[in-house]
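Below, each chain spelled out in residue letters.
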Amino acid sequence: MARKQGDSESGKLGNKIYYTWHGRQCERSMPTSVANPQTEAQQAHRSNFAMVSKLSSYMKEAHLIGLHWHAIRERNSTYAIFRQLNKDCFTPDGEINLPRVIVSRGSVEQVEITSATIDNGVASTGSAGIPFTVTFDSRVYGGKATDEFFLFVYYPALCTGRLATPVPRSSGLVTAILPEEWLYPAEPTQTGTNTLTHSSKNAFPLHLYAFLRSTRGRTSDTIYIPLPKETR
């Protein structure tokens, strides 16, 4: 709707748009159509953006910390930074290339993950889950022993993840408690109900994303490893 201020008008009236430019009253016609060719490339771009947007919500526990410092510098949200950094993380088939996903960005020195092991037993009734332990290089140089090590375990089959409680860099070990269903798929029994069995182990892939955070809040780049089947 057009508004009149003194001798000038602004806004839309019919198919005209009125505005002031350099102190002069101007008008322009509204476009008769908006270009939206729906090309294959355009649709692929929209699909990719939608997938990355969803992934940002699935991995928010990780990037809210890992991209926090980067987001402050860019004056943006970690969700927007996550989408920007991962907009090209796709396979030729159009699926998200999980090994390339970035949940942390920064200059803090990375560490090497040396092992990842899962308890061989099924969690007992009432248990919170199954312990999953990751060890990493605990050697520190230049007084970095107080850096925190963060581990995020992503389970793509259910589009969810679990962030372990952070530990000091000098500890060299972090433990996460994973739900049983991440490790053992349900199998039908004679009564028609489902149960979790040792024979069904190794069915689903897990992806590990780690990073370090200094006492000043700065973070390292993402440290990624897939969970090898032989560790489970």
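Residues numbered from 1 in each chain as written. Predicted model: local features only at pLDDT ≥ 70, side-chain atom pairs only at ≥ 80, totals over all residues. Heavy atoms only, no water.

Chemist: So what's going on with the pattern of salt bridges? Which residues, and what values?
Modeler: Once their charged atoms are close, side chains differing in charge can pair, the charge on each being opposite to the other. Overall, the coordinates contain seven salt bridges when judged by the stated rule. With a closest N to O distance of 3.2 Å, K87 and D88 form a salt bridge. For K87, a relative accessible area of 48% puts it in the partly exposed group. Note that D137 and R139 form a salt bridge whose closest N and O atoms lie 2.9 Å from each other. Judged by its relative accessible area of 55%, R139 falls in the exposed class. Salt bridges here are not isolated pairs; linked through shared partners, they connect E109, D147 and R169. (Salt bridge = Lys/Arg side-chain N within 4 Å of Asp/Glu carboxyl O. Buried < 20%, exposed > 50% of the residue type's maximum accessible area, 1.4 Å probe, protein only.)

Chemist: Which residues make up unusual backbone geometry, and what are the values?
Modeler: We note that R75 has phi near 55°; this positive angle belongs to a residue other than glycine. With respect to the helices and strands, R75 occurs in the loop between α3 (68-74) and α4 (78-85). For R75, a relative accessible area of 79% gives the class exposed. With a phi angle near 55°, C159 is a residue other than glycine that sits in the positive phi range. (Helix = DSSP H or I, 4+ residues; strand = E, 2+ residues; numbered from the N terminus.)

Chemist: Tell me about the packing of aromatic side chains, and name the residues and values.
Modeler: If you walk through the whole model with that rule in mind, you get five aromatic pairs. Measuring from centroid to centroid gives 5.1 Å for F150 and F211, while their planes differ by 10°, and the two rings are stacked. Pair noted here: F150 is in strand β7 (residues 148-155) and F211 is in strand β13 (residues 207-213), with a separation of 61 residues, a long-range link. Judged by relative accessible area, F150 falls into the buried class, the value being 2%. On the accessibility criterion, F211 (0% relative accessible area) is buried. Taking the centre distance of 6.5 Å and the plane angle of 20° together, the rings of F152 and Y154 count as stacked. It is R162 that lies over the ring of W182; its NZ or CZ is 5.9 Å from the centre. (Phe/Tyr/Trp six-rings, centres within 6.5 Å; stacked < 30°, edge-to-face > 60°. Lys NZ or Arg CZ within 6 Å of the ring centre and 35° of its normal.)

Chemist: An account of the environment of G14 is needed here, citing residue identities and associated values.
Modeler: Tracing the backbone through its elements, the reader meets G14 in the loop between β2 (8-13) and β3 (16-21). In this structure the C-alpha to C-alpha distance between G14 and S29, which are 15 residues apart in sequence, comes to 9.2 Å.

Chemist: Quick rundown of the pairing of β13? Include the residues and the values.
Modeler: Along β13, six of the seven residues are buried, which leaves the element largely enclosed by surrounding structure. Here β7 pairs with β13 via seven bridges, running antiparallel. Across the sheet, L151 pairs through a bridge with A210, a residue of β13. Where β13 meets strand β14 (residues 223-226), four bridges bridge the pair, whose relative direction is antiparallel. Following the sheet pairing, H207 is matched in β14 by P226. (Pairing = 2+ DSSP bridges.)

Chemist: How would you sum up the nonpolar core? Please name residues and give values.
Modeler: Ranked by internal contacts, the top residues of the largest apolar core, which has 26 residues, are F132, F149, L151 and L206. Those elements giving two or more residues to this core turn out to be β5 (113-118), β6 (130-136), β7, β10 (173-178) and β13. Leaving out residues up to four positions away in the same chain, F149 has contacts with V111, I113, F136, P166, V167, V174, A210, F211 and L212. By size, the runner-up hydrophobic cluster in this structure holds 21 residues, among which are I65, A71, I102 and V103. (Core = buried A, V, L, I, M, F, W, Y, C linked by side-chain atoms within 4.5 Å. Contact = heavy atoms within 4.5 Å.)

Chemist: Go over the environment of T215 with me, naming the residues and quoting the values.
Modeler: Tracing the backbone through its elements, the reader meets T215 in the loop between β13 and β14. Considering only alpha carbons, one finds T215 and T146, 69 residues apart in sequence, at a separation of 7.0 Å. If we skip the residues at most four places from it in the chain, T215 touches T146 and D147.

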